[in-house]
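As a plain string of letters, each chain reads:
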Amino acid sequence: MAVGIICEYNPFHNGHLYHINKIKEMYKDEEIILVLSGNFLQRGNLSVIEKYDKAKIALKYGVNLVVELPFVFATDGADIFAKGAISILDELKCDKIVFGSETANINLLNKMADIQLNNKEYNQKVKKYLSEGLNYPTALSKALKDLDGVEINMPNDLLALSYIKEIVASHYNIQPIAIKRTNDYHSKTLDNNITSATSIREAIKENKEIKDYVPKETLKYIIKTDYYEKYFKILKYKIITEKENLKIYHTVDEGIENRVLKNIYNTNTLDEFIKSIKTKRYTYNKIGRMFTHIICSYTKEEAKDNKEIKYIRILGFDKKGKEYINKIKKEVKLPLITNVNKKNSRLLAIELRCDAIYNIIM
């Protein structure tokens, strides 16, 4: 069978190379299938490398087949992100997923996922903490600690729980395997040879040297334009001209549009704007995702109509990947797309619209 991985590669760095090399060491003869987030990402970021270039880098360093996680799933919360990505891996007949984890304790993660799925008290506790104004990741973490005394609050562990929950709930024949994460996900400081994507993006923003932290191929493709200012101007224009309609957009919920409109006129940068809206309930990442949905005109109606993966879009493959596709394609129920045409789904139409907006900004 094949090994699945799910990544954003924003940008592809030494830690990602370590991840791929570790998989090749563990499963020498198996294909590596990557579900890759495209140009807009789960934390509300824009990718500093265009998605086809990310696919080229992944293939250069050992991935055999790269497919796209559609915008609809790639820019939503962890559970929806996981639902889309895991269903693609299942459709492509992967029997393993290997992910980075702060704890790297798969038995513990399985146990916590089981609590989330089967303990009736869990949802009650999450609702209680949400009603107190806490954000969802914090409410989740506190509920698990109440029920089992274990604190799961690191981003990769939380995402791992979403992967495992989706595998179990959908009865997929996929084995979750954790690799110890070797750096701080949130760190903004360049320190070790393997450092966080956040720290590398900060360094790019500040025109610092990053060659010690990313493979050579990555350096060829990084977009170094200062897109933050352009992004904010387009976002500001859209909010001001559509102030009566903001709540039609996905993740503009619970009256948050009032805080958006209150602060849009007196903030001058994207970061300043996010900080003016942020509360305990609304994390930096959640606000970033909301802005992505506003700027891409992604509506609640579109989200409602696109809750399932409807196609698999191939971004690239090597010889081994091509052979794998030919081997499994008769078993794959969803359309395998390499070329875009008018017969493709509405889900793909959203993708093309968002890609066009990304190209304007970048």
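As a starting point, this report considers the structure included with it. (Residues numbered from 1 in each chain as written. Predicted model: local features only at pLDDT ≥ 70, side-chain atom pairs only at ≥ 80, totals over all residues. Heavy atoms only, no water.)

1. Brief notes about the packing of aromatic side chains
Centre-to-centre distance and the angle between the planes together describe a pair of aromatic rings. So the rule is basically this: The aromatic pairing rule takes the rings of Phe, Tyr and Trp, using the six-membered ring of Trp, and pairs them if the centres are within 6.5 Å, calling planes under 30 degrees apart stacked, those over 60 edge-to-face and the rest tilted. Going along the chain from the N terminus, every DSSP run of H or I of four or more residues is numbered as a helix, and every run of E of two or more is numbered as a strand. A 1.4 Å probe rolled over the protein chains alone gives each residue an accessible area, and that area as a share of the maximum for its type sets the label: buried under 20%, exposed over 50%, partly exposed in between. Here, a charge over a ring means that NZ of Lys or CZ of Arg falls within 6 Å of the ring centre while also lying within 35 degrees of the ring normal.
With the rule as written, the count across this model stands at 9 aromatic pairs. Their ring planes at 85° and their centres at 5.9 Å tell us that Phe 40 and Phe 71 sit as a pair that is edge-to-face. With Phe 40 in the loop between strand S2 (31-37) and helix H2 (51-60) and Phe 71 in helix H3 (residues 71-74), this pair connects stretches of sequence that are 31 residues apart. Here Phe 40 matches Phe 71 in class, with each residue buried. Geometrically, the ring pair formed by Tyr 227 and Tyr 228 is stacked, given 4.5 Å between the ring centres and 20° between the ring planes. Members of the aromatic cluster, each reached through a chain of ring pairs, are Phe 40, Phe 71, Tyr 298 and Tyr 358. Seen from the ring of Tyr 27, Lys 96 lies directly overhead, with NZ or CZ sitting 5.0 Å from the centre. Cation over ring: Lys 205 sits above Tyr 228, and NZ or CZ is 4.3 Å from the ring centre.

2. Description of the pattern of salt bridges
Applicable threshold: Within this document, salt bridges are pairs made up of a side-chain nitrogen of Lys or Arg and a carboxyl oxygen of Asp or Glu, the two lying within 4 Å of each other.
Taken as a whole and judged by the stated rule, the model has 25 salt bridges. With its nearest N and O atoms 3.3 Å apart, the salt bridge here joins Lys 111 to Asp 148. Taken together, the residues span a long stretch of sequence, with Lys 111 in helix H5 (residues 106-118) and Asp 148 in helix H7 (residues 136-148) at a distance of 37 residues. Residue Lys 111 is classed as partly exposed on the basis of its relative accessible area of 43%. Within the structure, one salt-bridge network assembled from shared partners comprises Lys 51, Glu 68, Arg 313, Glu 351 and Asp 355.

3. Here's the deal with helix H9 (residues 197-205)
For H9, a buried count of 7 out of 9 residues is recorded, marking the element as mostly surrounded by other parts of the structure. By the burial criterion, the buried members of H9 are Ala 197, Thr 198, Ser 199, Ile 200, Arg 201, Ala 203 and Ile 204. Note on H9: the residue one or two positions beyond its end, Asn 207, has a positive phi of about 60°.

4. With respect to the pairing of S2
What counts here: Should DSSP find at least two bridges between two strands, the strands are regarded as paired. Handedness rule for crossovers: strands pointing away from the viewer, path from the first strand over the helix to the second running clockwise, crossover right-handed.
Burial runs high along S2: 7 of the 7 residues are buried. The alternating pattern of S2 places Glu 31, Ile 33, Val 35 and Ser 37 on one face and Ile 32, Leu 34 and Leu 36 on the opposite face, and all of these are buried. As paired elements, strand S1 (residues 2-7) and S2 share 6 bridges and run parallel to each other. Note that in S2 the partner of Val 3 across the bridge is Ile 32. Direction of pairing for S2 relative to strand S3 (residues 65-69): parallel, over a ladder of 5 bridges. If you follow Leu 34 over to S3, its bridge partner there is Val 66. Once you follow S2 into H2 and on to S3, the crossover reads as right-handed.

5. A closer look at the side chain of Glu 102
So the rule is basically this: Polar contact is defined as a pair of N or O atoms within 3.5 Å, subject to the rule that within protein one atom must be able to donate a hydrogen and the other to accept it, and that residues adjacent in sequence are counted only when both atoms are side-chain atoms.
The residue Glu 102 is located in the loop between strand S4 (94-101) and H5 in this model. On the basis of relative accessible area, Glu 102 is assigned to the buried category, the value being 13%. A distance of 3.0 Å separates polar atoms of two side chains, one belonging to Glu 102 and the other to Asn 156.

6. Some remarks on the environment of Phe 40
Under the convention used in this document: The contact rule is simple, with two residues in contact once any of their heavy atoms fall within 4.5 Å.
Residue classification places Phe 40 among the buried positions, given a relative accessible area of 3%. As for Phe 40 and Asp 90, which are separated by 50 residues in sequence, their C-alpha atoms are 23 Å apart. Those residues within four positions of Phe 40 in sequence are excluded, and the remaining contacts are Asn 45, Leu 46, Phe 71, Ala 74, Thr 75, Thr 292, Cys 296, Cys 354, Ile 357 and Tyr 358.

7. Quick look at the side chain of His 16
Tracing the backbone through its elements, the reader meets His 16 in helix H1 (residues 14-26). Residue His 16 is classed as buried on the basis of its relative accessible area of 14%. Leave out the neighbours within four places in its chain, and His 16 touches Tyr 9 and Pro 11.

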